[in-house]
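If you want the building blocks of each chain, they are given just below.
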Amino acid sequence: QVQLVESGGGLVQAGGSLRLSCAASGGSFGYHTMAWFRQAPGKEREFVAAIMWSAGSSYYAESVKGRSTISREKAKNTVYLQMNSLKLEDTAVYYCAVRSGGYPSAPGAYDYWGQGTQVTVSS
C-alpha cells in the first residue's frame, strides 16, 4: 500500500557528501517514523537514522552521528539524509523504511521498504 522510492545515491570520493531522498506515497504519515537503513555486501542491514514525521524528532546511529542529518518536507512527503565526510565504510545500499509509532532501530520493526539506492565511497 505504501510506496517508498529512494534516490540520490552514487559514487563519491572519501570526504565528500551526498544527499539521499525518499519519496513516500500511498499513506498518511501523521504519527509514523521514517528511517534510513543500510546494508553493505556480506553484512546485515543496519540502522542509520530516523525521524518522527509530525514532530521532527530525530535519532542517529553512532557511526554517522555528527556528520549526517535526517530531515523531512511534509508538503512533498519526502525524507532526506544528508551525509557529509563520507568514509569507505559508508559504502552500502541505503534503504528508506516507515512504521507506525516510534523509531526503534531494529529493521524488523518497520513495515514498508523502498528498493534502495547505492552509495559507493572510493579512495
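The structure we're discussing is the one just above.
Residues numbered from 1 in each chain as written. Predicted model: local features only at pLDDT ≥ 70, side-chain atom pairs only at ≥ 80, totals over all residues. Heavy atoms only, no water.

A.B. asks: Give me the lowdown on the packing of aromatic side chains, citing residues and values where you can.
C.D. replies: All chains considered together, the criterion is met by seven aromatic pairs. Note on Tyr110 and Trp113: the rings are 6.3 Å apart at their centroids and 65° apart in plane angle, and the pair reads as edge-to-face. Since its relative accessible area comes to 27%, Trp113 is described here as partly exposed. Above the face of the Tyr80 ring, Arg19 is positioned so that its terminal group lies 3.8 Å from the ring centre. The side chain of Arg45 reaches across the aromatic face of Trp113, ending 4.8 Å from its centre. (Phe/Tyr/Trp six-rings, centres within 6.5 Å; stacked < 30°, edge-to-face > 60°. Buried < 20%, exposed > 50% of the residue type's maximum accessible area, 1.4 Å probe, protein only. Lys NZ or Arg CZ within 6 Å of the ring centre and 35° of its normal.)

A.B. asks: So what's going on with empty space enclosed by the protein? Residues and values would help.
C.D. replies: Using the criterion set out here, one finds one cavity of 30 Å³ or more in the structure. What the largest cavity holds in volume is close to 30 Å³. Lining the largest cavity, in full, are Gly30, Tyr31, His32, Thr33, Met52, Trp53, Ser54, Ala55 and Gly101. When grouped by side-chain class, the residues that make up the lining of the largest cavity number four nonpolar, five polar and no charged. (1 Å grid on protein atoms, 1.4 Å probe; cavity = no way out; pocket = protein on both sides within 12 Å on 5 of 7 lines; lining within 4 Å. Points joined across faces, edges and corners; volume = space filled by probe spheres on them. Nonpolar A, V, L, I, M, F, W, Y, C, P; charged D, E, K, R; others polar.)

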